[in-house]
Amino acid sequence: MTVRITWTEASARRLDRQFLATSAKQGTPVAEVVSAMLGAHAQVLSAAELSVGVRTTGVTRADVRGALWEDGSLVKTHGPRGTVHLLPVSELPLWCAALPAVPSAPVFAQDVRVTEEQADLIVAAIADALEGVCLTVDELNEEVVARTGAWAGDLVMPAFQTLWPRWRQVLHRAGWSGALCFGPNRGRKVTYTRPPHFDPLPAEEAVRTLVRRYLHAYGPATPAWFAKWLAAPGGWASAVFARMAEAGEIEEVDLEGTVAWVERDDTEFSRDPRDRLQGVRLLPYFDAYGIAAQPRELLFPGAAYRRALAGGQAGNFPLLLVDGVVAGVWHQRRRGRRTTVTVEPLGRLTALQERELGERVERVGEVLEAEAELVIGEVTVGPHA
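Note that the structure is predicted; figures quoted are calculated from it, not measured.

Cut-off values and rules
Residues numbered from 1 in each chain as written. Predicted model: local features only at pLDDT ≥ 70, side-chain atom pairs only at ≥ 80, totals over all residues. Heavy atoms only, no water. Buried < 20%, exposed > 50% of the residue type's maximum accessible area, 1.4 Å probe, protein only. Helix = DSSP H or I, 4+ residues; strand = E, 2+ residues; numbered from the N terminus. Pairing = 2+ DSSP bridges. Contact = heavy atoms within 4.5 Å.

Caption draft 1: Region of interest: the pairing of strand E13 (residues 319–322). By the alternation rule, side chains of E13 split into Leu 319 and Leu 321 and Leu 320 and Val 322, which are all buried. Sheet topology note: the strand E12 (residues 280–283)/E13 ladder contains four bridges and is antiparallel. In the strand pairing of E13, Arg 281 is matched with Leu 321. Examined bridge by bridge, E13 and strand E14 (residues 325–335) share four bridges and lie antiparallel to one another. What sits directly across from Leu 319, in E14, is Val 329.

Below you can see the structure in the form of structure tokens.
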């Protein structure tokens with residue numbers, strides 16, 4: 001008999017496993033929190049710092065940066081969807097086997113692309129150039145061209161109203177292969193280095209492990225939701241799920257009338273989940289929960305779907321969650337040691353919710369090591385501002 005799961009039950013368990021129902025205990029390693037999220041989006045590092053901070057007690061941006069640049073438990077590299085993420089160093093054997101196994105279609109025109117042989121040469125050159133050093137992109141460009149040939153440096157890749165050298169189209173593949181990660185900034189310049197050496201898992205094992213990890217964090221889920229999170233072809237994801245179902249690794253449940261999947265024997269959901277859902281939470285730009293949790297129309301109900309998504313894409317607005325669903329957007333503007341947090345609720349907040357919102361804003365300030373001020377009003381900036 002198929003287990004029936006309600007949206008409320010699924011949301012409560014997801015929030016609990018994301019340290020959003022109850023913050024991680026003091027002293028929980030930062031890398032453990034990032035692992036539970038399946039990576040913290042870090043195109044803008046402050047957003048990743050907030051993603052970790054709002055799930056913890058006492059952790060600040062200094063602790064996140066310490067995990068990156070001092071104790072080395074985190075790495076900043078290319079993760080899901082090819083975008084920059086913080087990932088636990090201990091999980092690189094998983095990520096750097098699973099991500100290259102996802103099929104992808106050509107992005108660039110024929111005269112811009114590199115062949116597979118050229119891509120392999122570039123990745124090997126990057127790995128060699130970054131061994132034991134931190135290089136800016138211009139310095140890395142010189143090293144890659146010197147090791148491969150002038151063709152790699154041809155300015156043919158369209159990017160931000162300019163042209164980049166040909167080799168940069170496989171930068172994310174270098175990250176996925178363990179040849180490259182980000183180093184500490186050199187002034188205002190980004191640097192790259194090489195992460196610790198490791199042996200990747202077998203590709204099929206890594207993909208199946210990633211599916212189980214995703215279902216644990218964000219399930220019940222369909223192959224289409226997994227594919228959207230990973231920017232993978234839907235047919236490929238369906239085939240992976242089918243193989244895992246046949247092997248008894250995952251099992252089918254009913255989520256609000258949709259056939260979805262969970263890990264085998266992971267069908268325990270609280271039948272009175274309201275205590276896990278109730279309350280106010282603030283999630284920053286591109287927070288993992290807002291991107292990975294599905295279905296979107298239930299997480300972003302009614303007016304939230306129009307206000308908090310940019311053309312249906314999640315992550316472009318920081319989110320106000322009230323009782324487990326998106327109920328507004330927010331924005332913070334920092335000036336020196338002060339930051340003004342403007343929150344735009346889409347409905348009326350109770351006095352209790354306003355008090356809790358004030359506490360959440362204080363926590364944002366603590367994470368960013370700033371004094372935070374709450375303003376309730378319209379957020380006038382556009383998406384990803």
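Caption draft 2: Up close: the environment of Trp 261. With respect to the element layout, Trp 261 can be found in strand E11 (residues 258–263). Sequence separation between Trp 261 and Thr 222 is 39 residues; the distance between their C-alpha atoms is 6.1 Å. When neighbours within four sequence positions are excluded, Trp 261 is seen to be in contact with Leu 215, Gly 219, Pro 220, Ala 221, Pro 223, Phe 241, Ala 245, Ile 250, Glu 251, Glu 252 and Val 253.

Caption draft 3: Structural context of unusual backbone geometry. With an omega of 0°, the peptide bond between Gly 219 and Pro 220 qualifies as cis. Its place among the elements puts Pro 220 in the loop between helix H9 (203–218) and helix H10 (223–230). Note the cis peptide between Gln 294 and Pro 295, where omega equals 0°. For Phe 19, which is not glycine, the phi dihedral falls at a positive 60°.

Nothing here speaks to function; it is geometry throughout.
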